[in-house]
Amino acid sequence: MSFTQQLRRDTAQLRQQILDMPFNRDLAAGTLPQEVFRGYIVQDAHYLEGFARALAMAAAKAPDADAVAQLAGSAIKAISVERGLHGEYMAQFGVSAEEYEATEISEACDHYVSFLLRMVATDDFAVGLTALLPCFWIYHEVGQKIAAEAVPGNRYQAWIDTYASEDFADGVQRMLELIDRTAAASSDATRARMQRSFARSCWHEWHFWDSAYHMRGWLAPDAEPSAKRMPAIAE
Ligand SMILES: Cc1ncc(C[n+]2csc(CCO)c2C)c(N)n1
């Protein structure tokens, strides 16, 4: 079994939970409230800029010229999606450049972007690179599923088409190949950190959508500590 197939198997439950999220169900049905999608797009535009920075930093740490070109190319693509797809939706929903700049990054978005930048900046290239994979892979899975279910005339069709496209599938494939190559050249200890970094990043994908669906801002200091938490120590 390849390393990325192993990553897939280890995170099967969480990835299924992401596919079943109400955000994705309602997006496919075209019933996701506009104000929820509007909030998501604004946060996602902030995310894309952070993600592009993380890709560019990973490019700088890459071991060979092919990997530098691949990761730097993906960084450019992330910015062009922000300008194209997100720019169009922001115009459609009346989000001005001033409103975008004035909207504070959400807790979930900040946490995800900070995690990616930290992994790429402070851990080995292999571990930072693997933190970047769920962004590609999960959006591909979600895009494919939603494209198969989407109702005709869905107002979110442009978003669905972006992530269900062949061009995007190629990018995912190249990332999987790069990670399998990198894992094969890494020690067992590094591969174990790659696995953890992948699983945590999958959790961030779930958290980002959950936060967008509930239109969450930052946790208030006097909030009730009611939410269910996962155990801090792995069982
Ligand atoms: C939270 C969040 N996660 C993943 C993506 C998808 N995505 C963003 S950049 C990129 C690679 C280069 O285009 C991909 C696949 C998103 N939009 N928002």
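Per-chain numbering applies: the sequence of each chain, read as written, is numbered from 1 onward. With pLDDT at 70 or above as the cut-off, local features in this predicted model cover only qualifying residues; side-chain atom pairs require 80 or more to be listed or tallied, and sums for whole chains, interfaces and linings still use all residues.

1. Re the site of the ligand
We count a residue as near a molecule or strand when its backbone-placed C-beta atom lies within 6 Å of that partner. Close to the ligand lie 13 residues; K77, A78, C135, Y139 and F208 are nearest. Looking at the shell around the ligand residue by residue, the classes come out as nine nonpolar, one polar and three charged. Throughout, the ten residues Ala, Val, Leu, Ile, Met, Phe, Trp, Tyr, Cys and Pro are labelled nonpolar, Asp, Glu, Lys and Arg are labelled charged, and all others, Gly among them, are labelled polar.

2. Overview of the UniProt feature "active site" (unreviewed entry) in the protein
Within this numbering scheme, the UniProt entry marks E205 as carrying the feature "active site" (unreviewed entry). Mapped onto the fold, E205 is located in helix α12 (residues 188–213). By the convention adopted here, residues make contact when the C-beta atoms placed from their backbones lie within 7 Å. Each residue touching E205, except ones within four places of it in the same chain, is listed here: I18, P134 and I138. UniProt positions are given in the numbering used here, feature names are shortened, and annotations may be inferred rather than shown by experiment. Strands are runs of DSSP state E lasting at least two residues, helices are runs of H or I lasting at least four, and both sets are numbered from the N terminus onward.

3. Things to note about the UniProt feature "domain: Thiaminase-2/PQQC" (unreviewed entry) in the protein
Summarizing the sequence annotation, UniProt attributes the feature "domain: Thiaminase-2/PQQC" (unreviewed entry) to residues 16–214 in the numbering used throughout. Between the first and last C-alpha atoms of residues 16–214 the distance is 20 Å; the span itself is 84% helix and 0% strand.

4. Let's talk about the environment of W206
Note that W206 resides in helix α12. Of the residues examined, W206 has 17 C-beta atoms within 10 Å and is grouped as partly exposed. Not counting residues within four places of it along the chain, the set of residues in contact with W206 comprises L14, Q17 and I18. Labels follow a simple rule on C-beta atoms placed from the backbone: if 20 or more others lie within 10 Å of a residue's own, it is buried; if 12 or fewer, it is exposed; otherwise it is partly exposed.

5. Brief notes about the packing of helix α4 (residues 34–61) against helix α5 (residues 65–92)
Two numbers describe how α4 lies on α5: the axes approach to 8 Å, and their chain directions differ by 170 degrees. Between α4 and α5, the interaxial angle falls into the category roughly antiparallel. Once α4 is placed against α5, the crossing between them reads as left-handed. Between α4 and α5, the residues in contact are I41, D44, A45, L48, E49, F51, A52, L55, A56, A58 and A59 and V68, L71, A72, S74, A75, A78, I79, V81, E82, H86, Y89 and M90, respectively. Helix axes are fitted to C-alpha atoms over the stretch in contact, other axes to C-alpha atoms as well, and angles between N-to-C directions run from 0 to 180 degrees. An angle counts as roughly parallel when it lies under 35 degrees, as roughly antiparallel when it exceeds 145, as roughly perpendicular when it falls between 65 and 115, and as oblique in every other case. Rotating anticlockwise by less than a right angle from the far helix to the near helix defines a left-handed crossing, while the corresponding clockwise rotation defines a right-handed one.

6. Points about the packing of helix α9 (residues 133–149) against helix α10 (residues 157–164)
Interaxial distance between α9 and α10 falls to 8 Å at its minimum, and their mutual angle equals 125 degrees. When the axis of α9 is compared with that of α10, the two are oblique. Relative to α10, the crossing made by α9 is left-handed. Along the contact surface, α9 presents Y139, H140, V142, G143, Q144, I146 and A147, while α10 presents I160, Y163 and A164. Of the residues contributing to the contact of α9 with α10, the split by class is seven nonpolar, three polar and no charged.

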